[in-house]
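# Architecture at a glance
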Amino acid sequence: KNDFFFISGDVTYLIEGKVFNLKPGDIILINSKELHQAIINNKDATYERIVLWLNRSFLKRLSNDETDLTLCFESPNKKNVLRVSFEKQQNIRLILNKLSSLQNYKGIGYELLYKAYITELMVHINN
């Protein structure tokens, strides 16, 4: 599963033949079976994004009977591009920053924090 948060650039995204003109803060969700391609419209504009590759079985292990965190990738009425409010963008960016900061984390409980942040992120996205 591929999940990315678009920050900046002049980019059109093709997913399964559908065209999406991205705006900063868009969240793009692509499952492993979907054909996709980024088209850089203006090479002078910095193309910046945060990409997260998620394993389906990992998301299933984080899920429970009430909440399936893979639905945003697999549901029949799923969306490939989520355009959310500024407040939700800020929440998601904060979680992504926490995930990124784990690269330098030296304390105990790394795995627990990683699972907690991914769970938090995926609950927001599935909502």
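Reading the values: the criteria
Residues numbered from 1 in each chain as written. Predicted model: local features only at pLDDT ≥ 70, side-chain atom pairs only at ≥ 80, totals over all residues. Heavy atoms only, no water. Core = buried A, V, L, I, M, F, W, Y, C linked by side-chain atoms within 4.5 Å. Buried < 20%, exposed > 50% of the residue type's maximum accessible area, 1.4 Å probe, protein only. Helix = DSSP H or I, 4+ residues; strand = E, 2+ residues; numbered from the N terminus. Contact = heavy atoms within 4.5 Å. Pairing = 2+ DSSP bridges. Axes fitted to C-alpha atoms, helices over the stretch in contact; angles between N-to-C directions.

For the rest of this paragraph, the subject is the nonpolar core. Ranked by internal contacts, the top residues of the largest apolar core, which has 22 residues, are Ile-118, Leu-121, Met-122 and Ile-125. Breaking this core down by element, the ones donating at least two residues are strand E1 (2-8), strand E4 (27-30), helix H1 (56-62), helix H2 (71-74), helix H3 (86-101) and helix H4 (110-126). Ranked by residues supplied to this core, first place goes to H4 with 5 residues. Filtering out sequence-adjacent residues up to four positions away, Ile-125 remains in contact with Asp-3, Ile-27, Leu-29, Cys-72, Leu-82 and Ile-92. The next biggest cluster of nonpolar side chains, apart from the first, holds 10 residues, and it includes Phe-4, Phe-6, Ile-15 and Leu-22.

Read from one edge to the other, the open sheet built from 3 strands follows the order E3-E2-E5, with strand pairing classed as antiparallel. The strands lining the two open edges of the sheet, one partner per strand, are strand E3 (18-21) and strand E5 (36-40). In this sheet, adjacent strand axes meet at a mean angle of 20 degrees when their direction is disregarded. Relative to E5, strand E2 (residues 11-15) runs antiparallel, the two sharing 5 bridges. Across the sheet, Thr-12 pairs through a bridge with Ile-39, a residue of E5.

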